[in-house]
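# Close look at the chain arrangement
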Amino acid sequence: MGKLDVQKLKETLKYLESKQRELKKQNQNDTRSLESMIKYLKKDMMEQHDLDDHHQLIKKEIKDTESFIENVKNIIKINS
């Protein structure tokens, strides 16, 4: 397991959270592009930081962005 780049992960998480807030604000508007961006971001975070090395269930919960964000926060806390 490599050393986690906590700083980079924090920055990406902030970005993900802002996109998630944007998505919630959009309500019934066309959210597909935001949703696919969020999906891509989560996948990218998983690969960039080997998050499943740090959290066994994170892959199962990746579809739920709220859970994913909480899990990443915990990973950051543990590795800070």
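Below: a short report on this structure.

Quick notes on the rules
- Residues numbered from 1 in each chain as written.
- Predicted model: local features only at pLDDT ≥ 70, side-chain atom pairs only at ≥ 80, totals over all residues.
- Heavy atoms only, no water.
- Helix = DSSP H or I, 4+ residues; strand = E, 2+ residues; numbered from the N terminus.
- Contact = heavy atoms within 4.5 Å.
- 1 Å grid on protein atoms, 1.4 Å probe; cavity = no way out; pocket = protein on both sides within 12 Å on 5 of 7 lines; lining within 4 Å.
- Points joined across faces, edges and corners; volume = space filled by probe spheres on them.
- Nonpolar A, V, L, I, M, F, W, Y, C, P; charged D, E, K, R; others polar.
- Core = buried A, V, L, I, M, F, W, Y, C linked by side-chain atoms within 4.5 Å.
- Buried < 20%, exposed > 50% of the residue type's maximum accessible area, 1.4 Å probe, protein only.

## With respect to the environment of Leu51
- Residue placement: Leu51 occurs in helix H3 (residues 51-54).
- When the C-alpha atoms of Leu51 and Leu4 are compared, they prove to be 8.9 Å apart, with 47 residues separating the residues in sequence.
- Sequence-distant contacts of Leu51, defined by excluding residues within four places in its chain, comprise Leu9, Met45, Met46, Ile58, Phe68, Val72 and Ile75.

## Details of the layout of surface pockets
- By volume, the largest pocket amounts to about 200 Å³.
- Forming the boundary of the largest pocket are Gln20, Leu23, Glu35, Ile38, Lys39, Lys42, Lys43, Ile62, Lys63 and Thr65.
- Counting residues per element, the ones that place at least two in the lining of the largest pocket are helix H1 (6-26) and helix H2 (32-49).
- Among the elements that line the lining of the largest pocket, the one with the most residues is H2, at 5 residues.
- The residue inventory of the lining of the largest pocket, partitioned by class, reads 3 nonpolar, 2 polar and 5 charged.

## Notes on the nonpolar core
- Grouped together as the largest cluster of nonpolar side chains are 19 residues, with contacts concentrated most on Leu9, Leu16, Met45, Leu51, Phe68 and Val72.
- Mapped onto this core, the elements with two or more residues apiece are H1, H2 and helix H4 (65-79).
- If sequence neighbours within four positions are ignored, Leu9 has contacts with Leu4, Met45, His49, Leu51, Val72, Ile75 and Ile76.

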